[in-house]
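Survey of secondary and tertiary structure
Each chain, letter by letter, is given below.
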Amino acid sequence: MTPLLERRLLFVTGKGGVGKTTIAAALGLLAASLGKRALVCEAEPRGALSAAYECERTGFEPLKVSSGLYAMSMDTEASLREYLKLNLRLPTAGRIGPVAHAFDFVATAAPGVREILTVGKLCWEVRERHYDLVIVDAATTGHFIGELAAPVGINELVRVGAVRSQTDWMLEILSDPAQTGVCIVATPEETPVNEALELAGRLEGETGVALAAVIANRVLPELFGRGDEEAFEALAGTSARRRLAAVLAGAQGSRRDAAAVDAVIEAARLAIRVRRGGAEHLTRLRESVPAQVPLLYLPYLFGRSHGPRAIRQVADTLAEELGQ
Amino acid sequence: MSPQRASKVVAEEAGEPTGGRLERLMATKEIIVACGPGGVGKTTTAAALGAEMAARSGGRVLVLTVDPARRLADALGMGGLGNEARQVPPEAFAAAGVRPRGELWAAMLDTAASWDALVRRHAPDPATVSRILANPLYRNITGRFARSHEYIAMERLHELRAEGRYDLLIVDTPPSNDALDFLDAPERMAEFFGSGLLRWLVAPYRSRLLNLASRPFYQVADRILGTEFLKDIAEFFLLFQQMYDGFIRRARGVGQMLRDPATTFMVVTTLEPAPAGEALRLAGELERRGLQLGLLVANKALPASFEEPDATRVAEQLVRHSAELAQAMAEGTTRLPAALSDPARLARVLAGVGESFSNFRAVAQREATLLEELAEVHEVAVTVPHLARDVVDLPGLLEVGRHLFAPPEGARALPARRSRGGRPSGGSRADAPGGDASRPPRDAPKDA
């Protein structure tokens, strides 16, 4: 299997809220730190990427974030304008204006046209070799197949014309596992894992794009080893708790200390319970992901979970997980 | 399963508990639209609110959900899918130890089936119906076109409301790239089908005459898409245009329904920066559109005990002095449990407990900051704690439901909404006397 960062086009998807943007941003940072020229693109322009890098608001025109690292936000209208300019040699924006407006309606009407402008722009960047690696902070699992299957769908609907030839070369890039791959992100919870597995099962059949990696995000550390957990249970018992409170308070054990010890013990219980619940889902993920697909683990970040510091930490962990 | 205990919820105003305010809000509402960022438990919260309302009120409650987790769907008896609403059997409540006063119904949104029904209702004659259903673009549009889900969700809601079979409708909005897309969907649909541009686009296929003005466009479009595809599109819209009046009427109806005082929005979020930011944005958008945000639910909140100074001090001591503490515990007069007989192990466990507390405390503090920001926008707000297990069945839903109405001791307190003045809303905000009483300090009465 082609190593993750040796590919040219990576889509990062997952259920909403699992940390797609953070991971896409971190993959970009990692690729750049390995000497590659990387472009990270947010498919839905909401400013999440500029928040992650704490850079100015990204637009259609790629913004240099740091050495070798570029960021952009998708804009279908700008993409259309660029497409028309490049493919049909329509000269000025002024003349494209009304056509773009009409096209907007056609795009609304004909599903896939909008998506094809998004995916098309990314494939074009790959084809023109403007970057070594293009990373897409893509749509959520629910919308992802629709987005990525658009070239296939359009290819079936449209038999001739410029769009047809465009989808032809796009499909060539998308369906080549040496060039293109999908990273599915899941947190150790019921629905994110379900959606990840469902998408993993449908991905290749419906879009022709290969699964490149599955990333388990926000994995809680194990609080205690096996024997220690037994000790914790004993500590959580009434008599041991009282003893701890008494020891903490010195001779005159106060009620306040007892309450504080209770709170701290209950907090540890919560941590254990959340971690244990997550572990079940991680097992499910591990057992269902095809053996040849790398499964990468990223820890829960108790410190800052957003912004450049977090992105750097995630990038470092990804590097370790990928053996870079 | 027991909820985390730690402290008492701060009564929102003048001693009135949040649960009571939610009860009063619900008493005047017939439609609840749940929205929020993805991955925050929106579907579960909507279902939980429905289950709890069915349990405590005498009416018929319908939860219209979009894409529930499979186990949750099974729990609600929706395993068979489809648009048909089904009642959650009272025995399921009985098994959960609850005797419901009302009925809980659940339905799933089947986009394709709903579209077909819509076409049947609005098309002028059966011939048009079958031509539309047979058009190659039709399935494509209704199945894949993202906004069609949003449109159809509102359409279904309107229909259910008009049927008048339920006392309370709770609709879970589709997971969307933009969580409020569904609000614009009816209008955009109407606008689209009524646009002059669309008429202009399909005109040549109607008259078979290209006028001079449109020729350049067709030449370009031809080169991009090919004539045949354009023809398919044109035919589809010609057919669809016949339903235009129906669409317009319906879109207006949906708009009215959403602005009705009996409708309120529920924003669900978790207390992480990205979802909370999205929730704030949603709240602002709702306000801008003159829609009422009646309820804000902060899901999976950590208990307030993480911020208690005494507990924090203890946690720090456990980390710093684990060896000494373990030693001191071993030296007591009574014997420790066997599992704690090894001082090295005991020290390790004490340090681990302290460390874990400090870790989660950092998260809890971030949550607290976000809660303060969210306090700006809600009418009634509740937190739901991390529960012991995933919510996948009726007992789980009822537990979440109970948290919504009567937060247990230890649920994190939400500060009351700051008065911003001027905005009419359904949630009453009695003016409490004395200073800035609309906003009690976050950690006011904490110890139970």
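Residues numbered from 1 in each chain as written. Chains lettered and ligands numbered in written order. Predicted model: local features only at pLDDT ≥ 70, side-chain atom pairs only at ≥ 80, totals over all residues. Heavy atoms only, no water.

A look at the pattern of salt bridges
- What the rule picks out here adds up to 28 salt bridges over all chains.
- In this structure, R202 of chain A and E198 of chain A form a salt bridge, with 3.4 Å as the shortest nitrogen-oxygen distance. Here R202 of chain A pairs with E198 of chain A, and both are found in helix α8 (residues 190-207), just 4 residues apart, close to one helical turn.
- In this structure R202 of chain A comes out as partly exposed when scored by relative accessible area, which is 34%.
- Between R121 of chain B and E159 of chain B there is a salt bridge; the shortest N-O distance is 3.7 Å. Taken together, the residues span a long stretch of sequence, with R121 of chain B in helix α5 (residues 111-122) and E159 of chain B in helix α8 (residues 146-163) at a distance of 38 residues.
- A single network of salt bridges, built from pairs that share partners, joins E233, R241, D262, E266 and R269 of chain A. (Salt bridge = Lys/Arg side-chain N within 4 Å of Asp/Glu carboxyl O. Helix = DSSP H or I, 4+ residues; strand = E, 2+ residues; numbered from the N terminus. Buried < 20%, exposed > 50% of the residue type's maximum accessible area, 1.4 Å probe, protein only.)

Quick notes on the sheet that holds strand β4 (residues 103-108) of chain B
Residues and elements named next belong to chain B.
- Spatial strand order, β3-β4-β2-β5-β1-β6-β7-β8: 8 strands in an open sheet with mixed pairing. The open sheet has two free edges, formed respectively by β3 (86-87) and β8 (380-385), since each of these has just one partner strand.
- Judged from the 5 bridges that link them, strand β7 (residues 293-301) and β8 form a sheet pairing that is parallel. The partner of V297 across the bridge, within β8, is V382. (Pairing = 2+ DSSP bridges.)

Details of the environment of A339 of chain B
- Examined against the element boundaries, A339 of chain B turns out to sit in the loop between α16 (322-330) and α17 (343-374).
- Placed 300 residues apart in sequence, A339 of chain B and G39 of chain B show a C-alpha to C-alpha distance of 40 Å.
- Discounting residues that sit within four places of it in the chain, A339 of chain B has contacts with E230, A231 and A234 of chain A together with R345 of chain B. (Contact = heavy atoms within 4.5 Å.)

Points about the packing of aromatic side chains
- All chains considered together, the criterion is met by 8 aromatic pairs over all chains.
- Judged by centre distance (6.2 Å) and plane angle (70 degrees), the rings of W105 of chain B and Y166 of chain B are edge-to-face. With W105 of chain B in strand β4 and Y166 of chain B in the loop between α8 and β5 (168-172), this pair connects stretches of sequence that are 61 residues apart. The exposure classification of W105 of chain B matches that of Y166 of chain B, with both residues buried.
- The rings of Y300 and F302 of chain A together with F306, F357 and F360 of chain B are connected pair by pair, giving a single aromatic cluster. (Phe/Tyr/Trp six-rings, centres within 6.5 Å; stacked < 30°, edge-to-face > 60°.)

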